[in-house]
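Structural overview for review
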Amino acid sequence: MARRFDQYCPVANAMSIVGERWALLIVRELLRGPRRYTDLTAGLPGIGTKVLATRLRELEDGGVVQRRKLPPPAASTVYELTEYGAGLEEVIHAIARWGARSLGLPKREDDVDPEWGLNAFPALLYPERARGVTETTVVRIDDDVFTVRLLDGRLGVERGAIADPDLEVATDMATFFALASGDLPPGEALGDGRVRLDGEPEALERFFRIFSFAPRLEPAPDGEPRFAHV
C-alpha cells in the first residue's frame, strides 16, 4: 500500500491505495480487461519499468489488482482488476469527465491512444438518459472511427464502422468536445457545417444528451451546501 494518512476517512483510505502517480492510469488500462506487463508498458508511455512494477505491487497489496497465469499455449502472466478494483470504474469515469473540461485539444507532442474512444464513450454515458434506447451510431472524429451501440441503454463500443448504422456522425475533436460539454447545440453545429450527419437531427440531439460531460448531480443553489446537515 502507498503512503497512509493519519485520518479515519474513506477518501484518505482510497488515496493511500490509489493516490500515487500512475496508479489510477494503471486501473484505467485494466478496465479494458486483463493486460500483460508489456501491454501496460505500451499503454502507459513515459512510465519506467521500476515504477510500473512498484505500482502493480502496491495495487496488489491494496486488493485492487491480481495476477493470473494464462493456460498454454499462451502461458503468460496477466494483471487484472479484482472485484474490489473494478468498483473504481465509476470513479475513473467521473474523473475523466471532470478532467476533460480543462484538457483542451491534443498538442503535437501529446501521445493520443488510437483507442481513446473505448474509454471516452463509457465515461460520457449518462445511464439515466440512455434507459430504453436501442440505437447504433458510427462516430467519425477526425481520423478516428468508433461504433457506439446502445441496447436498451447498455453500451458497447468498438473501433471501426459497421454497415447501416441508425446514425452516422462526422466531426472534428473540437466540435465533439463542444457538443459533449453542452457548449454547442447540435442544431447549430449542423447548421454551420461543423457536423456531417446521416440520420435524423433528433437522433443527434438524443446522442449528445446521452453522451455528455454534464454533472451527474444537480448543482446546489448558489450559496447553499449540496447536502444539508441534520
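Our subject is the structure listed above.
Residues numbered from 1 in each chain as written. Predicted model: local features only at pLDDT ≥ 70, side-chain atom pairs only at ≥ 80, totals over all residues. Heavy atoms only, no water.

1. Digging into the overall build of the protein
- Along the protein, the regular secondary structure elements total eleven helices and seven strands.
- Its C-alpha atoms give the protein principal-axis dimensions of about 60 × 55 × 40 Å.
- Buried positions account for 37% of the 230 residues belonging to the protein.
- Partitioning the intrachain contacts of the protein with sequence separation of at least 6 by distance along the chain shows that 56% fall at a separation of at least 24. (Helix = DSSP H or I, 4+ residues; strand = E, 2+ residues; numbered from the N terminus. Buried < 20%, exposed > 50% of the residue type's maximum accessible area, 1.4 Å probe, protein only. Contact = heavy atoms within 4.5 Å.)

2. Some details on the pattern of salt bridges
- One pass over the structure, following the stated rule, counts 13 salt bridges.
- The shortest N-O distance in the salt bridge between Arg-55 and Glu-20 comes to 3.9 Å. Here Arg-55 is found in helix H4 (residues 49-61), whereas its partner Glu-20 is found in the loop between helix H1 (10-18) and helix H2 (23-30), with 35 residues between them in sequence.
- Given the relative accessible area of 12%, Arg-55 is considered buried.
- Given a relative accessible area of 19%, Glu-20 falls into the buried group.
- With a shortest N-O distance of 2.8 Å, Arg-32 and Glu-115 are connected by a salt bridge. One end of the pair, Arg-32, is in the loop between H2 and helix H3 (37-43); the other, Glu-115, is in the loop between helix H6 (89-100) and helix H7 (116-124), with 83 residues separating them in the sequence.
- Residue Arg-32 is classed as partly exposed on the basis of its relative accessible area of 23%.
- A residue is classified by how much of its surface remains accessible, and Glu-115, at 27% relative accessible area, is partly exposed. (Salt bridge = Lys/Arg side-chain N within 4 Å of Asp/Glu carboxyl O.)

3. Topic: unusual backbone geometry
- For Asp-152, which is not glycine, the phi dihedral falls at a positive 50 degrees.
- You can see Asp-152 is positioned in the loop between strand S4 (144-151) and strand S5 (154-159).
- Accessibility expressed as a relative area gives 47% for Asp-152, which makes it partly exposed.

4. Digging into the nonpolar core
- Phe-121, Phe-176, Phe-207 and Phe-211 are the most contacted members of the largest nonpolar core, which totals 31 residues.
- Put simply, the parts of the chain that give this core at least two residues each are H7, strand S3 (135-141), S4, strand S6 (167-171), helix H9 (173-181) and helix H11 (201-210).
- Ranked by residue count, the leading element in this core is H9, at six residues. (Core = buried A, V, L, I, M, F, W, Y, C linked by side-chain atoms within 4.5 Å.)

5. Side note on the sheet that holds S6
- Here five strands make up an open sheet; going across it, the order is S5-S4-S3-S6-S7 and the pairing mixed. Two strands bound the open sheet, and with one partner strand each, they are S5 and strand S7 (196-198). Going across the sheet, the axis of each strand differs from the next one's by a mean of 15 degrees, ignoring polarity.
- Where S3 meets S6, five bridges bridge the pair, whose relative direction is parallel. (Pairing = 2+ DSSP bridges. Axes fitted to C-alpha atoms, helices over the stretch in contact; angles between N-to-C directions.)

6. What about the side chain of Thr-147?
- By the element assignment, Thr-147 lies in strand S4.
- Since its relative accessible area comes to 0%, Thr-147 is described here as buried.
- Among the polar contacts listed, one links the side chain of Thr-147 to the backbone nitrogen of Ile-162, at a separation of 3.3 Å.
- Residue contacts for Thr-147: discarding those within four places in its chain leaves Thr-136, Thr-137, Val-138, Gly-156, Val-157, Glu-158, Gly-160, Ala-161 and Ile-162. (Polar contact = N/O pair within 3.5 Å; in protein donor to acceptor, adjacent residues only side chain to side chain.)

7. Here we look at the pairing of S6
- In terms of residue burial, S6 counts as a mostly covered element, since four of its five residues are buried.
- Examined bridge by bridge, S6 and S7 share three bridges and lie antiparallel to one another. The partner of Glu-168 across the bridge, within S7, is Asp-198.

8. As for H2
- All of the buried residues in H2 are Ala-23, Ile-26, Val-27, Glu-29 and Leu-30. An end-on view of H2 places all buried positions within 160 degrees of arc, on one side of the element.
- Here the buried face of H2 lies against H1, H3, H4, strand S1 (65-69), strand S2 (77-81) and H6. (Arc of directions from axis to C-beta.)

9. Details of the packing of aromatic side chains
- One pass over the full model with this rule turns up ten aromatic pairs.
- With a centroid separation of 6.2 Å and 70 degrees between ring planes, the pair formed by Trp-116 and Phe-176 is classed as edge-to-face. Of this pair, Trp-116 sits in helix H7 while Phe-176 is found in helix H9, placing the two residues 60 residues apart along the sequence.
- By relative accessible area, which is 15% here, Trp-116 ends up buried. (Phe/Tyr/Trp six-rings, centres within 6.5 Å; stacked < 30°, edge-to-face > 60°.)

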